[in-house]
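# Descriptive analysis of the structure
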Amino acid sequence: MSSRARSTHAWWALLGLAVLAVACSQEKDAFLNRTFHRLTARDNGWFNANEKLKETVMDMEDAHVDNFDEVLPLFVYGTEQQAKAAVPDLEKCIDKCSLVIERHSMEIQGKERNAWIDDAWFVIARSQFYKRNYSEAERGFTYISRNFKGSNRELESEIWLARTAIELEQFGKARSALDHVRDAKKLPKGFDQGELAAVEAHLEIRRGKVDDAIMHLERAIPLAERKRERVRWAFVLAQLYELKGQEEKAIQQYAQVVKMNPPYEIAFHAQIFQALAHNKGDSKALRKKLIAMLRDDKHIDHFDMIHYALADLDLKERKDSLAIDHLETSVRVSTTDTKQKAKSFLKLADIYFDDRAYVPAQQYYDSTRNLLAEDHLRYDEVDTRARVLGDLVEQLAIIEREDSLQALMGLDPDELQKKIRGIIREREDAELEQQRKEELAREQAPPTTNAPAAGANGRGNWYFYDPQQIGRGLSNFRKKWGARPLEDNWRRKDKSGSALAVSEEEEGIEEGGEEAKGEAEWKDPDFYLRDIPQGDSAVAESNARICSALYASGMIYKEELKDIDNAIESFEVLNNRFDECRYTPEAHYQLYRIYLQKENDGWFSLEGFGSQTYANIITERWPNSEFARLVRDPNILQADEARRVEEEAAYREVYRMYREYSFYPVITACDRVIENEPYNHFRPKYHFLKAMAIGGTRDIPSFRTALTQVTAEFPGTEEAQRADELLASLNGGPGGGAPRPKTAGAPAYKKDDGPQRYVVVVPNRTVDMNTAKAALSDFNTTYFGHTALQVNGNFLDSGHQVLIISPLPDKSKALEYHGLFEANGDLLSGLNDQGYPAFIISEANYPLFFESKDTAAYQAFFQQNYLDGQ
């Protein structure tokens, strides 16, 4: 190359550098500057961040498992666990766009000249939204709408501001933001009208205004830009029609969803829900469709739901026996969906309960309770019915057993042996039938399929290191097994008294069963002979058990089940069978109360039979009893109830003092009631509360004495049982000491929302501090790379050290750190899963904690002032 050419190239290079230097300026509003910063902002930072955000959101949507027992969400934002797992990726999006704003913003004379800066802010705000950091998201969307008037992102930010407000349940703010968009005179080119209408529908659903939500969804569906959105919104619209009792519209809308070629789960449920929404007319076509679905093996994991839908049609047409058959089949063919199995069990339980067939109802409620999530709307009702019916079934079993034994008592030896052989044969037949049903269920169960290969998502992550795959796996696990605690032998659960059959996997696991012992005990005739009453005293004891069981079952019918007819029958059987037993006066009094209430409700007997009949019997046979006194003056009972209400209010006040750690005033108040009110309804509770207050003063000998007094004076009560447990702890059992709501002499910690530290207390012997610091540093870099956090260590006492993470600027950021620390399952393994105390503490409170070294006292403060109500 000639020297002239080299000189020319050098000249052009210098010129290029000069132009680049001029273009880099963010303060000069020239075409070259604007072009340079717009291109660099769009193609370097914003594009990559936006693609990463779209990928992260798509992962959340793909991992989402819909709960079809509820109205589906119109928008999928991921679970809290998924949000925590996505924090590193979302932080990258925030960092990239923050860098774009820092290096390429051209705010000149109060106006932004770089058209991509609002897009960068939009990515930051949406990333904060998907992190569930709604306050920062709201701040970001508000900034865009106020500072970028007329830009493409102004109205989009208003819509996302409304989404954020809805998640914060600030519905008025959400409505205001959406109205601002609706009132805009001119909409940007390509503005998503469907999203606007869908967000309005989302708002109305959250506010409970279903009619308005339907109106907005009907407008949103044809405007939806993505098929995924259109299908979901159409399905939700069908659910809302059904919710409003518009069954015909719901059925038609579900049919429209099926025609949209939706994902399998939505398509399947749309077909099932057509049957469930059917409420009148001929169901032949729906039945034909459901039966055809049973012949398609792709639905094999949902055969249980199909049978449930057939049972629903049967019940609507009053074919209860057919419905029961379908529901039993639904349970038998169930494979993976425990929620559906719980629904089938619950439907069976309700059918039998409504028919007052309490024994099978108890079994099915018990089975339902084993599978139902504790946050289910009917969990408390199911739990109560299972428990109450369990008590009832126990009493009925006592009556049946004693009656059977007394029936055997009068037989001659040959007849007795013949009768026993018949009993054994009946039970053998029942066991064979049960085995047949279990074998049939196993034959109908589908074969187990292999899990998909690692890396099937195309991203190259090993399954167990991929947070999205883990989230999806957790959702599928909960779908099959329910919300189970993390513990050993998690599949084991006592199924006694339950309609659940023992699964094939668990059969034969227990060693030392009947097979190991030889032939079952119930097959031996002597098993039945030894309990037959022999002699007058044994018969009297048997009758006493029957008397007690009849009265207990009558009270369960009356008080718990409100089944007055069965209550009357139980009490009358007791009175007719036993002229005088332990509960004869009580049974007459209960019948008096029942008929008195019936008469007050307008009932009368043409034969003159009623409450007065039993009142006369009580006053004649037991004139000096408490029951005679209550019959003569019914107002005594009302006065007693009024006194109980007053006593309860007084007890609650003393208990409030205990919760405030005023131990000595509590002891004084309890002594006053114990000494002066021998008939106080809450006397056992006062004794126990006094004992707990004594324990709070750390007077262990007196605490032990007070607990012993509770067990001695109130045996069989809940208070005595708890006192026994505490005594066992004091005597070296599990637990290790008197519970205290607060450590005596704890420092006076103060609430402080300012700068915070995060503290982990670890034992010296088992934790290597260098390893722990390295793990925390890696965690901080991954999740809080934009925050300069330091990890320090210090000795707390002879057995413990503290790891201190600081500075955390405020309480909000510290709570975010705590949530991520608790949830992390890889970087902090061995640190956050060992039960070590970990808490947030303000800069002002830390010296007080370090001086007192009372971890338990500070943790109580931390729970009350940081975590409660979060």
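Residues numbered from 1 in each chain as written. Predicted model: local features only at pLDDT ≥ 70, side-chain atom pairs only at ≥ 80, totals over all residues. Heavy atoms only, no water.

What follows deals with the overall build of the chain. The helix and strand inventory of the chain stands at 37 helices and six strands. By residue count, 42% of the 870 residues in the chain fall in the buried class. In the chain, the share of contacts with a sequence separation of at least 24, taken over all contacts with a separation of at least 6, comes to 63%. Carbon and sulfur atoms make up 50% of the accessible area of the chain, which totals about 47500 Å². (Helix = DSSP H or I, 4+ residues; strand = E, 2+ residues; numbered from the N terminus. Buried < 20%, exposed > 50% of the residue type's maximum accessible area, 1.4 Å probe, protein only. Contact = heavy atoms within 4.5 Å. Areas by Shrake-Rupley, 256 points an atom, 1.4 Å probe, with all protein chains shown as cover.)

Once that is clear, we can look at the side chain of Thr855. Looking at where Thr855 falls in the secondary structure, it is placed in helix α37 (residues 855–867). The class for Thr855 is buried, based on a relative accessible area of 14%. The residues touching Thr855, leaving out its near neighbours within four places in the chain, are Val761, Leu796, Pro837, Phe839 and Phe849.

The next point concerns helix α15 (residues 303–316). Over its 14 residues, α15 runs 20 Å from end to end, which matches the ideal 20 Å to within 8%, given 1.5 Å per residue. Taken across its 14 residues, α15 has 12 buried, putting it largely inside the fold. Against α13 (264–277), α14 (284–294), α16 (320–332) and α17 (338–354) lie the buried residues of α15. Downstream of α15 by a residue or two, Arg318 has a phi angle that is positive, lying close to 60°. (Expected span 1.5 Å × (residues − 1).)

Another aspect to go through is the packing of helix α5 (residues 117–130) against helix α6 (residues 134–147). Their axes nearest at 7 Å, the elements α5 and α6 cross at an angle of 160°. The orientation of α5 with respect to α6, classified from their angle, is roughly antiparallel. The chirality of how α5 crosses α6 is left-handed. Between α5, through Asp118, Trp121, Phe122, Ala125, Arg126, Gln128 and Phe129, and α6, the contact on the second element is made entirely by Tyr134, Glu136, Ala137, Gly140, Phe141, Tyr143 and Ile144. In the contact of α5 with α6, the residues fall into nine nonpolar, two polar and three charged. (Axes fitted to C-alpha atoms, helices over the stretch in contact; angles between N-to-C directions. Parallel < 35°, antiparallel > 145°, perpendicular 65-115°, else oblique. Left-handed = near helix turned anticlockwise from the far one by under 90°. Nonpolar A, V, L, I, M, F, W, Y, C, P; charged D, E, K, R; others polar.)

Of all hydrophobic cores here, the largest spans 142 residues; its most connected members are Tyr130, Trp233, Phe235, Ile272, Leu290, Tyr365 and Leu561. Per-element tally for this core: the top contributor is helix α11 (residues 227–243), with nine residues. With residues up to four places along the chain from it excluded, the contact list for Tyr365 reads Leu346, Ala349, Asp350, Phe353, Arg378, Val382, Arg385, Ala386 and Leu389. Listed in part, the 41 residues of the second largest apolar core include Leu776, Val791, Ile805 and Leu808. (Core = buried A, V, L, I, M, F, W, Y, C linked by side-chain atoms within 4.5 Å.)

Below, the discussion takes up the environment of Asp118. Checked against the element boundaries, Asp118 lands in helix α5. With sequence-adjacent residues up to four places away left out, Asp118 is seen in contact with Ile144, Phe148, Ser151, Asn152 and Arg153.

Within strand β6 (residues 838–842), five of the five residues are buried, which leaves the element mostly enclosed by the surrounding structure. Of the two faces of β6, the one holding Ala838, Ile840 and Ser842 and the one holding Phe839 and Ile841 are both buried throughout. Pairing of strand β3 (residues 756–763) with β6, which is carried by five bridges, proceeds in the antiparallel orientation. Bridge assignment links Val760 to a residue of β6, and that residue is Ala838. (Pairing = 2+ DSSP bridges.)

The next subject is the packing of aromatic side chains. Counting across every chain of the model gives 52 aromatic pairs. Pairing Phe129 with Tyr130 gives two aromatic rings, centres 5.5 Å apart and planes at 85°, and the pair type is edge-to-face. Judged by relative accessible area, Tyr130 falls into the buried class, the value being 5%. Among the aromatic side chains, those forming a connected cluster through ring pairs are Phe75, Tyr77, Phe122, Phe129, Tyr130, Tyr134, Phe141, Trp160 and Trp233. When the ring centre of Trp160 is taken as origin, the NZ or CZ atom of Arg163, which lies over that ring, is 4.1 Å away. In this structure, Arg757 packs its charged tip against the face of Tyr846, placed 4.6 Å from the ring centre. (Phe/Tyr/Trp six-rings, centres within 6.5 Å; stacked < 30°, edge-to-face > 60°. Lys NZ or Arg CZ within 6 Å of the ring centre and 35° of its normal.)

Let's shift gears to helix α30 (residues 663–676). Spanning 14 residues, α30 covers 20 Å between terminal C-alpha atoms, matching the ideal 20 Å at 1.5 Å per step. Among all positions in α30, only Phe663, Val666, Ile667, Ala669, Cys670, Val673 and Ile674 are buried. With its buried residues spanning 165° around the axis, α30 presents them on a single face. The exposed set on the far side of α30, more than 90 degrees from its buried face, consists of Tyr664, Glu675 and Asn676. (Arc of directions from axis to C-beta.)

All right, on to the pattern of salt bridges then. For the coordinates displayed, the defined rule picks out 55 salt bridges. Where salt bridges share partners, they join Arg175, Asp179, Arg182, Glu200, Glu204, Arg207 and Arg219 into one cluster. (Salt bridge = Lys/Arg side-chain N within 4 Å of Asp/Glu carboxyl O.)

Quick look at the confidence of the model for the chain now. For the chain, the average pLDDT comes to 81, and 82% of its residues sit at 70 or higher. Taken as a whole, residues 17–23 scores under 50 in pLDDT and shows eight contacts with residues more than four places along the chain or in a different chain. Scored below 50 in pLDDT, residues 488–498 shows 23 contacts in the model against residues more than four places distant or in partner chains. (pLDDT = per-residue confidence, 0-100.)

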